[in-house]
Amino acid sequence: MSDDPVLTKLLGSTGDLDGVARSAGGAVNAFPSRIGADPESVERGLAQLVLTLVELLRQLMERQALRRMDEGVLTDDEIERMGETFMKLAERMDELKTEFGLEDEDLNLQLGPLGSLL
Amino acid sequence: MIRLYAFVDGLRVLPDGLRITRIQGLDAVVGDARGSDDQVQAALAHGRVVESLREQADAVLPVRLGENFVDETVLADAVAPRVHRLRERLEAVRGCVEVGLRVVGDVSSSAGEPLDGVSYMRMRLEPLRLRNALEKSLHAPLERRAKAAHVAPFGSAPLMLEASYLVPAGAVGDFAGEAVDLAAEWPRLSVTCTGPWAPYSFAEVEA
């Protein structure tokens, strides 16, 4: 039997096991991070906080729109307008992340029983 | 300062460095809390203790990391209002372990970057539809075999499904076998089934 604590817990798998392991890498970042409050990093810390909240709202709105689209209650025009809005929002978020040197993972939130934001 | 690790019943061997404190007939496993700045190492150490308790007890309700108390009296005061519910949970997990399922896959569309609103929405909808299909054809049959199940809400690709199942300890092999068989229907996705774990996902007791 392997001494590797991960392999001893593996009951079965299909596909790319390394890919699954990579996806679990975020578990080590599960502890809450802190917003940097020292003078040098306070601007970036505040940007991180604000962008995290914006990302949460963006994802909530987009998920709701996708659900309505899947239920077939949106017209083609509505889907086009919403899609264009969400696409532009996503592009603008990417620009702001780049501007403040933030990665996707910096905007992640652990939402308890709801899982993680990203 | 003491650290609470788990509530147990039918514990055969108490791991070194730990002790039992009895609260209205409920056995709580505690140890001295040692400060550690390394949260990952602290989490691993906590997990090892809980796993050893799982191997040595008829029923174990793991407690999340960081439940520290000044002493046994303070612990008893905190636990006393929940003893009845804790006993119920302990009974619910008796003889069972947790099995985890994780489904990962690159579901990005081959169509490339979206050019308009409609194609953007279609691209974003694809993983949600795949997730729904996975819940029906992979999660649901496993849920029927389990005593209880917990599925995490969908976040984003590539993690398409993350679920936990409460399974009788003697049925873990068959359960994992079915999971792998069902996973074969999804060749584009990678599926792992892990366990047996202490029933972390089924230990929650409302305050």
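All values derive from a computational prediction rather than experimental measurement.

**Student:** Help me understand the overall build of chain B, please; the structure alone is not making it clear to me.
**Tutor:** Across its full length, chain B carries five helices and nine strands. Each helix and strand of chain B, ordered N terminal to C terminal, gives the series β-β-β-α-β-β-α-α-β-α-β-β-α-β. Principal-axis analysis of the C-alpha atoms gives chain B an extent of 65 × 40 × 30 Å. Looking at chain B as a whole, 35% of its 207 residues are labelled buried.

**Student:** When you look at the interface of chain B and chain A in this model, what are you seeing that I'm missing?
**Tutor:** Quite often, the size of an interface is put as the accessible area lost when its parts meet. Taken together, the 34 residues of chain B in the interface contact 31 residues of chain A. Those elements that provide at least two residues to the side of chain B that touches chain A are α1 (39–56), β6 (96–104), α4 (117–145), α5 (172–183) and β9 (190–197) of chain B. By residue number, the principal contributor to the side of chain B that touches chain A is α4 of chain B, which donates seven residues. Counted by class, the side of chain B that touches chain A contains 22 nonpolar, nine polar and three charged residues.

**Student:** Sorry, what's going on with the confidence of the model for chain A here?
**Tutor:** In regions of low pLDDT, the predicted coordinates are not meant to be interpreted in detail. Overall, the prediction assigns chain A a mean pLDDT of 79, with 68% of residues at 70 or greater. Helix α3 (residues 76–99) of chain A holds the highest mean pLDDT among the elements of chain A, 93, whereas helix α1 (residues 17–23) of chain A holds the lowest, 70.

**Student:** For this particular structure, what's the right way to read the domain arrangement of chain B?
**Tutor:** Residues and elements named next belong to chain B. According to the domain assignment, chain B contains domain 1 (2–93) and domain 2 (96–202). Between domain 1 and domain 2, the contact holds seven residues from the first and seven residues from the second. Elements supplying a minimum of two residues to the side of domain 1 that touches domain 2: α1, β4 (59–62) and α3 (83–93). Here the side of domain 1 that touches domain 2 takes three residues from α1, the largest share from any one element.

**Student:** I tried to follow the packing of α3 of chain A against α4 of chain B on my own but got confused; where do I start?
**Tutor:** Where α3 of chain A meets α4 of chain B, the closest approach of the two axes is 7 Å, and the angle between their N-to-C directions is 75°. Looking at the two axes, α3 of chain A sits roughly perpendicular to α4 of chain B. Residues I79, E80, R81, M82, G83, E84, F86 and M87 of chain A of α3 of chain A form the contact with α4 of chain B, whose own contacting residues are G117, V118, Y120 and M121 of chain B. Looking at the contact of α3 of chain A with α4 of chain B residue by residue, the class counts come to seven nonpolar, two polar and three charged.

**Student:** Can you help me understand the nonpolar core in this one?
**Tutor:** In a soluble, globular protein the nonpolar side chains are often hidden away together inside. Ranked by size, the top nonpolar core spans 52 residues in total, and within it Y5, A6, L53 and V103 of chain B carry the most contacts. Each of domain 1 (2–93) and domain 2 (96–202) of chain B contributes no fewer than three residues to this core. Contacts of L53 of chain B, omitting those with residues within four sequence positions, involve Y5, A6, V8, L11, V29 and V60 of chain B. Ranked by size, the runner-up nonpolar core spans nine residues in total, among them L66, I79, M82 and F86 of chain A.

**Student:** Whenever I open this one, α5 of chain B confuses me. Can you help?
**Tutor:** Taking 1.5 Å as the rise per residue, α5 of chain B with twelve residues should run 16 Å; its terminal C-alpha atoms sit 16 Å apart, in good agreement. Within the span of α5 of chain B, buried status applies to F175, A176, A179, L182 and A183 of chain B. Relative to the axis of α5 of chain B, the buried residues are bounded by an arc of 125° and lie together on one face. α5 of chain B presents G173, D174 and D181 of chain B as exposed residues on the side facing more than 90 degrees away from its buried surface. Where α5 of chain B is buried, its residues touch β1 (10–14) of chain A together with β6, α4, β8 (159–168) and β9 of chain B.

Conventions and cut-offs
Residues numbered from 1 in each chain as written. Chains lettered and ligands numbered in written order. Predicted model: local features only at pLDDT ≥ 70, side-chain atom pairs only at ≥ 80, totals over all residues. Helix = DSSP H or I, 4+ residues; strand = E, 2+ residues; numbered from the N terminus. Buried ≥ 20, exposed ≤ 12 C-beta atoms within 10 Å, placed from the backbone. Contact = placed C-beta atoms within 7 Å. Nonpolar A, V, L, I, M, F, W, Y, C, P; charged D, E, K, R; others polar. pLDDT = per-residue confidence, 0-100. Domains from an automatic or database assignment. Axes fitted to C-alpha atoms, helices over the stretch in contact; angles between N-to-C directions. Parallel < 35°, antiparallel > 145°, perpendicular 65-115°, else oblique. Core = buried A, V, L, I, M, F, W, Y, C linked by C-beta atoms within 7 Å. Expected span 1.5 Å × (residues − 1). Arc of directions from axis to C-beta.

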